[in-house]
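Chains, contacts and geometry: an overview
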Amino acid sequence: MATERERAASSPPTISEVAATAGVGRATAARTLGGYGYVSPELRERVLAAAEQLGYRANALARSMSTGITHTLGVIVADIGNPFFAGVVRGISDTSRERGFDTIVLSTHESLTEEIAAMNVLIDKRVDGVIVASAAVERADVAHLTAAIEHGIPVVLVDREVSHLDLDAVVIDNREAAREAVDSLIRAGHTRIGFVWGPSTDTRPTTRRELLAAASKNLWTDAERLRGYLDALDDAGIPFDPDLVMVGDKTEARATDEVSRMLALPDRATAVFCTETDAMTGSLRAVRAAGLAYPADVSLIGFDDSSWAAVMDPPLTMIEQPMHELGETAAATLLSLIDGKSTPRSRHTLETKLISRASVAGPPA
């Protein structure tokens, strides 16, 4: 059986023991070890020396209860397995670590229900702030975001904005990026350009007005990229054809089916603009299933450049997003809010780059 002395020796030292060893009051030891309040340099040195002598390790939860600060940021993204979000999270983590903040990352699979549950977890853990790529669209979808703010937790949006809510946001100009990509296809001679993916509706819109109304019920990024596609068509005087816009579930399988349909039209698509990674992989499957090749038969451009796109044969032309910079800027914005720096709501719009490779050529003769 262990003796009382042995049990005491195996227990971690307490703040009271550090205070006794340093010859100071417990409150002075707590302020020094918790990093808050004023302690004279002489007493601080004595407390730190005693803590080192005893092997004292601060308890983060206890410290947060006494200071109200956890030095923890919450991050909510749609899919941590997506290379885009992985890059954003890395930027957040790198920036927050430099400031001594830990990061809790939760993935929602683009589900608003899971996002709400994730936010409740972060509120319960008393994080100091939250960065979220939100799936909220309707006014009724934002209650969990306002709940965090009411708990005194600042919130910064990343990748997409949320209608009906005035929050700091770090995004790209999705509309302009899409317009530039589609314009490059038009300049290559294409007029029959498919858009993948479009509104998640089972009924195919037949007019531009119906199409934009359906898109407004989807994520902000999806709607903005569709507007950029339409802008490019308008600029070139090319009529909008609803048969060239994907509708339905936003999945790779659905993208394959929709692009297969576009390639089977009497006046088929000769180019496809893909707005997500799964949209591109689905399009590639459809092209191969139709016995066609890119870019000889179908030109392709995608969003979110990555290493796999560069090693495809032929390599794919892609829009490069500044993933790490999006994360860095979002973290810096949130940390500024946590520091109590009062500034007007900010919207940081970062630049994209169209990486031209070998997946675009003129339309087949």
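Here the structure is a predicted model, which is why all the values come from computation and not from measurement. (Residues numbered from 1 in each chain as written. Predicted model: local features only at pLDDT ≥ 70, side-chain atom pairs only at ≥ 80, totals over all residues. Heavy atoms only, no water.)

**Here we look at the overall build of the protein**
Regarding its fold elements, the protein presents 15 helices and 11 strands. For the protein, whose C-alpha radius of gyration is 27 Å, the value lies well above the compact-globule estimate of 21 Å for 365 residues. For the protein, the spread of C-alpha atoms along the three principal axes comes to 90 × 40 × 40 Å. In the protein, which comprises 365 residues, the proportion classed as buried is 49%. Long-range pairs, those at least 24 residues apart, make up 73% of the contacts in the protein between residues at least 6 apart in sequence. For the protein, the exposed area adds up to about 17400 Å²; of that, 50% sits on carbon and sulfur atoms. Side-chain charges in the protein split into 36 positive and 51 negative, and the spacing between the mean points of these groups amounts to 4 Å. (Helix = DSSP H or I, 4+ residues; strand = E, 2+ residues; numbered from the N terminus. Rg over C-alpha atoms; globule rule 2.2 N^0.38 Å. Buried < 20%, exposed > 50% of the residue type's maximum accessible area, 1.4 Å probe, protein only. Contact = heavy atoms within 4.5 Å. Areas by Shrake-Rupley, 256 points an atom, 1.4 Å probe, with all protein chains shown as cover. Lys, Arg positive; Asp, Glu negative; His and termini not counted. Charge placed at Lys NZ, Arg CZ, Asp CG, Glu CD.)

**Some details on the packing of helix α2 (residues 15-22) against helix α4 (residues 41-54)**
Two elements in contact, α2 and α4, have axes whose closest approach is 8 Å; the angle formed by their N-to-C orientations is 120°. The pairing of α2 with α4 is recorded here as oblique in orientation. Two packed elements cross with a definite hand, and for α2 against α4 that hand is right-handed. The residues of α4 that touch α2, namely those facing E17, V18, T21 and A22, are R46, V47, A50, A51, Q53 and L54. Its residues assigned to classes, the contact of α2 with α4 comprises six nonpolar, two polar and two charged. (Axes fitted to C-alpha atoms, helices over the stretch in contact; angles between N-to-C directions. Parallel < 35°, antiparallel > 145°, perpendicular 65-115°, else oblique. Left-handed = near helix turned anticlockwise from the far one by under 90°. Nonpolar A, V, L, I, M, F, W, Y, C, P; charged D, E, K, R; others polar.)

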